[in-house]
Amino acid sequence: MVPLIIGITFISFVVVHLAPGDPTQFLSSMNPKISETAREKFIKMYNLDKPVYIQYFLWLKKFVKFDFGESFSQDRKKVIDKILERLPVTLWLNIASMVLVFAIALPLGVMSAYLRDTIFDKAVTVFVFVGFAIPTFWLALLCMYYFGVIVGVLPISGLTSYNFESMTLFEKIIDIIKHAFLPVFLSVFGSLAGLSRFARNSMLDVLNEDYIVAARARGIGEGRIIFKHALKNALLPVVTIIGLSVPGLIGGSVIFESIFSIPGMGQLFYQSVMMRDYPVIMGILVIGAILTLLGNLLADIMYAVVDPRIRYKKRAG
Amino acid sequence: MKKGNLLFICGLVIVVFFILVSIFAPLIAPYDPTSINVKEIFQAPSSKHIFGTDELGRDVFSRVVYGTRVSIFVGFVAVFISIAIGTILGLVAGYFGGIVDIILMRFVDIMLCFPSFFLILAVIAFLSPSLTNVMIIIGLTSWMGVARLVRAETMSVKSRNYIIAAKVQGIKNSIILFKHILPNVASPIFVTATLGVAGAILTESALSFLGLGVQPPTPSWGNILTSGKDNIMFAWWLSLYPGLAILVTVLGYNLLGEGLRDILDPKSKKFGN
């Protein structure tokens, strides 16, 4: 865990120094918008006037306190405050889509494994191939056009209506659901194919095991075999995917949040990249990596919780 | 086997079709993809402009045809970079084991911690977006899976008798690695490379869509979609056709890759079967 975090800070540090030559020279030459004062601030913040190894340790020291400096933009807010302001929206949207993905993909994958080589299974397979190939941002455009322009039932921008403040609580909830529907739906669609395929393969493996054959031979009902014997084991590897899908979801939020103008961390990241707001870029890069790390940790813990064999092994060893 | 062949042939037809389109783009495209015609802006698809025209009166069909070149070029170069890095690191880590393996695999773990799209965007923010940078950056951020795969394969191959025999004869490590091990781990690399092209094309189009990839006026499927998004209210054709092109191309590489997997390793049940 700790070596990984140090590695993350190191890679992030390398990214700042990727620019050919002196990062500050390139700043002013590539982007005339960066003023002399911003340049000086940049030098001071990353201690670019000091030797490289000292720069790294100073960056590490700040990192421990989550101090990523001030944003280059007009508001001059602290980077960490800016990120924390935006993070909840992104987290909630991602949690919502993760829950939905599992609710839809697992039954789909398990069913198509059980009904292997039937029409249902083949239809799911075709869906999976298309789902892997479809660019989700393009699907987002089509949905925006269909639901927002032709049918006009869903808002296609932002997370709340302009009169949000004057709504009752119930109206507020409906309003947010309406706004979040398309982004969440599309994010779900994006991960559906992979997970349902994973669940199918996992279930197929289990259905071929001897103990399933033995259960059938003993005349146990199909429903009981599926839910009591097969499903439990088939879902073990699937659990780890929850944690491992974090980087993909967070990365995808850049696209969805910028398409649908949702004020989350992804949109902030996109805006910062466009405006070359380096302190914010670095801050979000590190926070994104830490979230991924937490996701992996969650996967390990979940795996130990659902699979007693892992726990026994750990205890024994 | 039959299933694999079918996937393979479907994929191959699509892939070859788009490669031909990109080679013969100047013959296929009826107009210059960058020529501006203010009199014909936002024309709906018609017999004159079968995919319509964009906000500068450029022919969308011609732009989509030329966009094929960008996609294929980015896909191949990015995958070449990621396969080269992944294969070398995977071979070295798997073959030598020990501390070398630990260090290299830790590096892979660290790289995998970054949401790859974040890492790509951050690097582009520092290096400025361009075709070359996009190809290199996608390549440099997508080799980790290859490295893990090649490492695992190498570890299983290196304990076989013919490798041990080669070692006993005193053959140099570099020759064992590249002449004796590499050919035996090549088939999963081919599969990964084919699927990797699909991934790289998707990433490039997303980057160009966000305005952080291939820059206009060079046509790419992603940056045509950017103007599709800006004019979504009335010019649906700007959004529809480039997206379809991406969908079909990516589908083609995925089918080819899965078919290849079935053919090269009939026992595998990773995907279809």
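Residues numbered from 1 in each chain as written. Chains lettered and ligands numbered in written order. Predicted model: local features only at pLDDT ≥ 70, side-chain atom pairs only at ≥ 80, totals over all residues. Heavy atoms only, no water.

Let's talk about helix α12 (residues 265-275) of chain A
Phase 1 of the analysis: Counted residue by residue, α12 of chain A has 8 buried out of 11 residues, so it is predominantly covered.
Phase 2 of the analysis: All of the buried residues in α12 of chain A are M265, G266, Q267, L268, F269, Y270, S272 and V273 of chain A.
Phase 3 of the analysis: Looking at the buried side of α12 of chain A, the elements it contacts are α5 (79-114), α11 (246-259) and α13 (278-306) of chain A together with α5 (116-127) of chain B.
Phase 4 of the analysis: Two residues or fewer after α12 of chain A comes R276 of chain A, characterised by a positive phi angle close to 55°. (Buried < 20%, exposed > 50% of the residue type's maximum accessible area, 1.4 Å probe, protein only. Helix = DSSP H or I, 4+ residues; strand = E, 2+ residues; numbered from the N terminus. Contact = heavy atoms within 4.5 Å.)

Focus on the confidence of the model for chain B
Residue and element names in this part refer to chain B.
Phase 1 of the analysis: In the predicted model, chain B carries a mean pLDDT of 89, and the fraction of residues at 70 or more is 96%.
Phase 2 of the analysis: Put simply, α5 is where chain B has its lowest mean pLDDT, 87, and helix α3 (residues 60-96) is where it has its highest, 95.
Phase 3 of the analysis: Segment residues 269-273: pLDDT under 50, and 19 contacts once partners within four positions in sequence are set aside and those in other chains are kept.
Phase 4 of the analysis: Both scores are available for the predicted complex, with the pTM at 0.88 and the ipTM at 0.86. (pLDDT = per-residue confidence, 0-100.)

Digging into the interface of chain B and chain A
Phase 1 of the analysis: Each partner contributes residues to the interface: chain B has 48 residues there, and chain A has 57 residues.
Phase 2 of the analysis: Summed over both sides, the interface between chain B and chain A buries roughly 4700 Å², with carbon and sulfur atoms accounting for 80% of that surface.
Phase 3 of the analysis: Run the count over chain B and chain A and you get 0 salt bridges.
Phase 4 of the analysis: Put simply, chain B and chain A have 4 residue pairs in polar contact (both at pLDDT 80 or more) between them.
Phase 5 of the analysis: Looking at the side of chain B that touches chain A residue by residue, the classes come out as 35 nonpolar, 7 polar and 6 charged. (Buried area = accessible area lost by both parts, 1.4 Å probe. Salt bridge = Lys/Arg side-chain N within 4 Å of Asp/Glu carboxyl O. Polar contact = N/O pair within 3.5 Å; in protein donor to acceptor, adjacent residues only side chain to side chain. Nonpolar A, V, L, I, M, F, W, Y, C, P; charged D, E, K, R; others polar.)

Digging into the side chain of D59 of chain B
Residue and element names in this part refer to chain B.
Phase 1 of the analysis: Counting through the fold element by element, D59 comes out in the loop between α2 (25-28) and α3.
Phase 2 of the analysis: For the buried residue D59, which engages in no salt bridge, the nearest side chain bearing the opposite charge is K48, 9.1 Å off.
Phase 3 of the analysis: A polar contact of 2.8 Å, which involves the side chain of D59, links it to the side chain of H49.
Phase 4 of the analysis: In this structure D59 touches P30, Y31, H49, G52 and T53, once residues within four positions along its chain are discounted. (Lys, Arg positive; Asp, Glu negative; His and termini not counted.)

Some details on the packing of aromatic side chains
All names here are of chain B.
Phase 1 of the analysis: The tally for this structure, following the rule as stated, stands at 20 aromatic pairs over all chains.
Phase 2 of the analysis: Ring geometry for F51 versus Y241: centroids 4.0 Å apart, planes at 5°, classification stacked. Remark: Y241 occurs in helix α12 (residues 236-264) and F51 occurs in the loop between α2 and α3; sequence separation between them is 190 residues. No difference in accessibility class separates F51 from Y241, as the two residues are buried. (Phe/Tyr/Trp six-rings, centres within 6.5 Å; stacked < 30°, edge-to-face > 60°.)

A look at the side chain of D175 of chain A
All names here are of chain A.
Phase 1 of the analysis: Relative to the helices and strands, D175 is located in helix α8 (residues 169-207).
Phase 2 of the analysis: Among buried charged residues, D175 stands out as having no salt bridge; its nearest opposite-charge side chain is K178, 6.4 Å away.
Phase 3 of the analysis: Aside from chain neighbours lying at most four places away, what touches D175 is L159, T160, S161, F164 and M167.

Quick word on a nonpolar patch on the surface
Residues and elements named next belong to chain A.
Phase 1 of the analysis: Residues M1, V2, I6, L294, L297, I301, V305 and V306 make up a contiguous nonpolar surface patch of about 700 Å² in total accessible area.
Phase 2 of the analysis: For the nonpolar patch, the leading source of residues is α13, giving 5 residues.
Phase 3 of the analysis: Structurally, V305 is set in helix α13. (Patch = residues over 30% accessible without salt bridge, like charges linked within 9 Å, V, L, I, M, F, W, Y side chains within 5 Å. Areas by Shrake-Rupley, 256 points an atom, 1.4 Å probe, with all protein chains shown as cover.)

Focus on the pattern of salt bridges
Residues and elements named next belong to chain B.
Phase 1 of the analysis: According to the stated counting rule, one finds 10 salt bridges over all chains in the structure shown.
Phase 2 of the analysis: For R63, the salt bridge identified is with D54, shortest N-O distance 3.9 Å. Each member of the pair, R63 as well as D54, is classed as buried.
Phase 3 of the analysis: Linking E258 and R261 is a salt bridge whose minimum nitrogen-to-oxygen distance equals 3.3 Å. Remark: R261 and E258 occur in helix α12; sequence separation between them is 3 residues, near one turn of the helix.

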